[in-house]
Amino acid sequence: MNKSELKEYFPYIRSRDEIMDEIKNNAGLSSIFYSWNEQEQNEFISFCSGACGVKIMYDSFFKEVMNAESNPEPLEGFLTTILGRKVHILHVLPNDTTRITDEASLLVTDIIVQLEDGSVANIEVQRIGYMFPAQRCSCYSADMLLRQYKRIRSEKKRDFTYRDVKTVYLIVLYERSPHELSGRPECYIHYGRTSFNTGISLDMLQDFILISLDNFHKHMHNKPIETIEEAWLTFLSDDSPERIIELITKYPDFKPLYDIIYRMCTDVGKVMNMFSEELRILDRNTTKLMIDTMTKEAEDAKAELEASRAELDGTRAALSEVKERLNLFNAQLDEANSQLNDAHSQLDEANSQLNDAHSQLDEANSQLNDAHSQLDEANSQLNEKDAVIAQLRAQLAEALAHNS
């Protein structure tokens, strides 16, 4: 795809040389142009000359194309696609003035419209996703609901009923999604509303539609545009000339939207001021994101430190308890050692007494052995005497017998 093919659709696109000549011949434009870095200069010249498409998410271009007051049809078409029902915008509501200053400054685009059924849609563009998206979305949606409630109650006074309060839709377009939404490329439109685990059906009044254009861009890589939903998200997220031609060929209704943008680009001075403002917003948003990130990191580090301190305190308490138990165990061990030493002393004394008893027994055995020896000797002598007596008796008996 080249610039000559884009000129077939947008013949008033100016060449790079024509644009540079105008800039160089105007001191004011030159001052602004050369205050940018080389990348920013090339980006500006590229979209003005049709070498690439304009980023629709730029605040100025988005508001010009989606101007619900002068030309509501594009925004109605987008809302019809996203909400899945025919949408007609009754009127534009004033922007919220109650947001915290730094949050309001970070918001690139914030359009609030009332639809034909009384419901309210808030369309936000965030080129850099806020931190804490869930908390912010909840607060913004609740604030819109409260503002609607106050407005309707003031208008109807005594005739007011809660039936008069209609759904509020918070639709957030992220050019670069917060990490909570940037998981899977195929998940790029996130619909949410309050539900109940019991399955009861209550018409709750807060709907959330979070659109991750960066996820969609990854999802559509090398894929053709096949649905009106893909067409709208391509229009918002892809600035390549190839996609622009594919889009306006398949869905000609988008050509007038690009026509608005490229006609704006013929006024170099006006678009240059718009681009400068976009760069300023981007710098501010990037700085704020860095501050938010550093703040969150500091808060996380503080929380981790406090958790570590609590864990350390718990460890110290556990160590103190272990120390107390160890001291008690040592005292019990000392007492057991003392008792064991006493037992050893008693055992030594018993062994000594037993040795004495053994000595006495040995002595008694020795005496007994001596007595046995003496007894044996006496028995031997007695036996000898008995033999002599027996011999004498025999001789006596023989003599008596002879004399008879």
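Residues numbered from 1 in each chain as written. Predicted model: local features only at pLDDT ≥ 70, side-chain atom pairs only at ≥ 80, totals over all residues. Heavy atoms only, no water.

Colleague: I would appreciate a short explanation of the packing of helix α2 (residues 16-24) against helix α4 (residues 38-48) in the present structure.
Modeller: When two helices pack together, their arrangement is captured by the angle between the axes and the distance separating the axes. Interaxial distance between α2 and α4 falls to 9 Å at its minimum, and their mutual angle equals 120°. Compared by their axis directions, α2 and α4 come out oblique. Note that α2 runs across α4; the crossing there is right-handed. When α2 is examined against α4, the residues R16, I19, M20 and I23 are found in contact with a partner set consisting of N42, F44, I45 and C48. Its residues placed into classes, the contact of α2 with α4 shows 6 nonpolar, 1 polar and 1 charged. (Axes fitted to C-alpha atoms, helices over the stretch in contact; angles between N-to-C directions. Helix = DSSP H or I, 4+ residues; strand = E, 2+ residues; numbered from the N terminus. Parallel < 35°, antiparallel > 145°, perpendicular 65-115°, else oblique. Left-handed = near helix turned anticlockwise from the far one by under 90°. Contact = heavy atoms within 4.5 Å. Nonpolar A, V, L, I, M, F, W, Y, C, P; charged D, E, K, R; others polar.)

Colleague: Any chance you could explain the nonpolar core here in plain terms?
Modeller: The tendency in soluble globular proteins is for nonpolar side chains to be buried side by side. Membership of the largest hydrophobic core comes to 71 residues, with the highest contact counts inside it found for F44, F47, F78 and L79. Sort the elements by how many residues they give to this core and helix α13 (residues 268-403) lands first, with 6 residues. The residues contacting F44, other than those within four sequence positions of it, are I23, F33, W36, V268, V271, M272 and F275. Of all hydrophobic cores here, the second largest spans 17 residues; its members include L145, Y174, L181 and L210. (Core = buried A, V, L, I, M, F, W, Y, C linked by side-chain atoms within 4.5 Å. Buried < 20%, exposed > 50% of the residue type's maximum accessible area, 1.4 Å probe, protein only.)

Colleague: I keep staring at the packing of aromatic side chains and nothing clicks. Help me out?
Modeller: A full pass over the atoms with the stated rule returns 18 aromatic pairs. Centre to centre, the rings of F47 and F61 are 6.0 Å apart; their planes meet at 85°, and the pair counts as edge-to-face. Placement of F47 in helix α4 and of F61 in helix α5 (residues 59-65) is noted, with a sequence separation of 14 residues between them. By relative accessible area, F61 is classed as buried at 3%. Centroid distance Y188 to F216: 5.1 Å. Interplanar angle 70°. Geometry classified as edge-to-face. (Phe/Tyr/Trp six-rings, centres within 6.5 Å; stacked < 30°, edge-to-face > 60°.)

Colleague: Sorry if this is basic, but what is going on with the side chain of D207 here?
Modeller: Along the chain, D207 falls in strand β6 (residues 206-212). For D207, a relative accessible area of 14% puts it in the buried group. At 3.1 Å, the side chain of D207 forms a polar contact with the side chain of R193. Beyond its immediate chain neighbours, meaning those up to four positions away, D207 contacts T167, V168, Y169, L170, G192 and R193. (Polar contact = N/O pair within 3.5 Å; in protein donor to acceptor, adjacent residues only side chain to side chain.)

Colleague: Help me understand the packing of helix α6 (residues 73-83) against helix α10 (residues 228-237) in this model?
Modeller: Remark: α6 packs on α10, axes separated minimally by 9 Å, with the N-to-C direction vectors making an angle of 125°. Of the possible angle classes, the one that applies to α6 and α10 is oblique. Between α6 and α10 lies a crossing whose hand is left-handed. Mapping the contact onto sequence places P74, G77, F78 and T81 in α6 and I228, E229, W232 and L236 in α10. Residue composition of the contact of α6 with α10, by class: 5 nonpolar, 2 polar and 1 charged.

Colleague: In this structure, what is going on with helix α11 (residues 241-250)? I would like to understand it.
Modeller: Within an α-helix, residues lying three or four positions from one another point in the same direction, as the helix has 3.6 residues per turn. Most of α11 is tucked away: 7 of the 10 residues are buried. Those residues of α11 not exposed but buried are P241, R243, I244, I245, E246, L247 and I248.

Colleague: Even after reading the chapter, I still don't get unusual backbone geometry, so can you show me in this structure?
Modeller: Leaving glycine out, the prevailing phi sign among residues is negative, and the prevailing peptide bond configuration is trans. Backbone geometry at K157 places phi at a positive 50°, although glycine is not the residue there. Locating K157 in the fold gives a position in the loop between α8 (133-156) and β4 (168-174). Overall, K157 belongs to the exposed group, its relative accessible area being 60%. Residues other than glycine seldom take positive phi values, yet N222 does so here, at roughly 65°.

So far we have only geometry, and geometry alone does not tell us how the molecule works.
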